[in-house]
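Fold and geometry: a report
One letter stands for each residue in the lines below.
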Amino acid sequence: MITYNDALKLLSEYGQEHILRYYAELSDDEKTGLLRQVELTDFSVLDDLKHKNDESGKRGIFEPLGAVTVENIENNRDEYLNAGINAIKSGKAAAVMLAGGQGTRLGFDSPKGMFNMGENKELYIFQCQINNLMDVVKLTGTYIPLYIMTSEKNNSETIDFFEKHNYFGYNSNYVKFFIQDMAPSVDFSGKIFMESKSEMAVSPNGNGGWFSSIVRAGLLDEIREKGIEWINVFAVDNVLQRIADPMFIGAVISSGMQSGSKVVSKVSPDERVGVLCLEDGKPSIVEYYEMTDEMRNLVNENGELSYKYGVILNYLFNVNKAVEILNNKMPIHIVEKKIPYMNEDGILVTPEKPNGYKFETLVLDMVHMQDSCLSYEVIRNKEFAPVKNATGTDSVDSARLLLKENGVEL
Ligand code: UTP
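So, a few notes on the structure that sits alongside this text. (Residues numbered from 1 in each chain as written. Predicted model: local features only at pLDDT ≥ 70, side-chain atom pairs only at ≥ 80, totals over all residues. Heavy atoms only, no water.)

Moving on: the site of the ligand. Around the ligand there are 20 residues in total, and Leu98, Thr104, Arg105, Gln180 and Lys388 lie nearest to it. Contact distances for the ligand include 2.4 Å between an oxygen atom and a side-chain N or O atom of threonine 104. At 3.5 Å, a side-chain N or O of lysine 112 approaches an oxygen atom of the ligand. Alone, the ligand offers 570 Å² of accessible surface; in the complex the protein occludes 87% of this. (Near = heavy atom within 4 Å. Polar contact = N/O pair within 3.5 Å; in protein donor to acceptor, adjacent residues only side chain to side chain. Areas by Shrake-Rupley, 256 points an atom, 1.4 Å probe, with all protein chains shown as cover.)

Turning to helix 7 (residues 155-164), its buried residues number three or more, namely Asn155, Thr158, Phe161 and Phe162. Down the axis of helix 7, the buried side of the element spans an arc of 135°, and every buried residue falls inside it. Seen from the buried face of helix 7, the exposed residues on the opposite side, beyond 90 degrees, are Ser156, Asp160 and Lys164. On the buried face of helix 7, the contacting elements are helix 6 (125-140), strand 3 (146-150) and strand 4 (175-179). Positive phi appears at asparagine 166, one or two residues downstream of helix 7, with a value of about 55°. (Buried < 20%, exposed > 50% of the residue type's maximum accessible area, 1.4 Å probe, protein only. Helix = DSSP H or I, 4+ residues; strand = E, 2+ residues; numbered from the N terminus. Arc of directions from axis to C-beta. Contact = heavy atoms within 4.5 Å.)

On to the side chain of glutamine 37, then. For glutamine 37, the position within the fold is in helix 2 (residues 28-40). By relative accessible area, glutamine 37 is classed as buried at 16%. If we ignore the near neighbours within four places in the chain, the residues touching glutamine 37 are Ser198, Glu199, Met200 and Val202.

Okay, the environment of leucine 106 next. Following the sequence through the fold, leucine 106 ends up in the loop between strand 2 (93-98) and helix 6. C-alpha separation for the pair leucine 106 and proline 351, spaced 245 residues apart in sequence, amounts to 17 Å. In this structure leucine 106 touches Lys112, Phe115, Val387, Lys388, Asn389, Ala390 and Val396, once residues within four positions along its chain are discounted.

A few words now on the sheet that holds strand 6 (residues 186-187). Strand order across the open sheet formed by three strands is 6-18-15, with antiparallel pairing between neighbours. The sheet is open, and its two borders are formed by strand 6 and strand 15 (333-337), each paired with just one other strand. As paired elements, strand 15 and strand 18 (residues 356-360) share five bridges and run antiparallel to each other. Bridge pairing in strand 18 places histidine 333 opposite glutamate 360. (Pairing = 2+ DSSP bridges.)

Shown next as structure tokens:
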């Protein structure tokens, strides 16, 4: 493990020596814990703060991208379904659940997947996901390897929950957990916050590191040995998510494209959703706040919105391509957040408004590293019920209504 002197040297390169300010007062265990945290933290993200306002994050030229529509898909049902079922039966497909987030908007203390959507019975978010995946297991007679990304903060609670509930009926031999990296949280001047005298304030570094974390966890060998070619990456919090959807997998394979993204038609030009489009001729996602009014309202010759298809965090990536782009640096997004921190008096303060930055990479940036991406339209009310907030838009309430609309008993 790193020594005190090495830690001090490393921290001084980044102007963060204050992290060791209370070192002399700490117990032996706390000293070891803090040095280990310094060793495991990627401080290079701090360099991105220097470029926060310069042109390096500047986007290219956007153009609209259409989709295979719900109607096109229905017309090719047999072809897509057969191709997808064949791929699954021959073990070429796996799924990755992104469950390392902190779910701050929901304000639930445990991992978001442990939230109970049930009203008269127990129906946890994790359980919804497993039930959805079981539909495919039943259809294909094949268990799909499921890799679940957690963070240091929620890993053991997540595993215990799955164990306690017997994996909700899934075959546990096909489930593996892996832990994503953490990134430091800083104040507006770039100094890392302390959470206590022996801990830096750190948080999961966004969902973009899912593949590098899989590799670091040693799971790529298993993926290769099993002959897995396609990985369906999805967010834990969409309770109507279709996972390892044979039609989607079949459509991407039949299209010959390198990747795929499920999309839904936007309800209005101003909907706050990232839109799948082209950027400098390559697939990309433009965030709603990056679109000009002109882009938002642009219509095509059929009178439909040109930037019409919003992403729902359900992607299909090819393993070979993921390996090829593994060492590409993912863009770092610097986001203003409310970060609890220890003040000068040693007291933990929970701020009421944003007081600093967190650093995140996003899985959607991986789309722009692909040569091609099939934009695959699904019906919103059947496949998109995100649980982000307790009430209002994209909330427990709205997701419950959608679950019921789809015949799920609560
Ligand atoms: P969100 O961006 O909605 O973040 O994550 P969140 O942490 O769940 O919620 P808020 O923003 O704090 O309220 C989208 C998906 O990416 C996963 C989440 O678990 C969710 O499935 N995610 C997010 C990670 O796996 N790791 C992260 O570091 C961040």
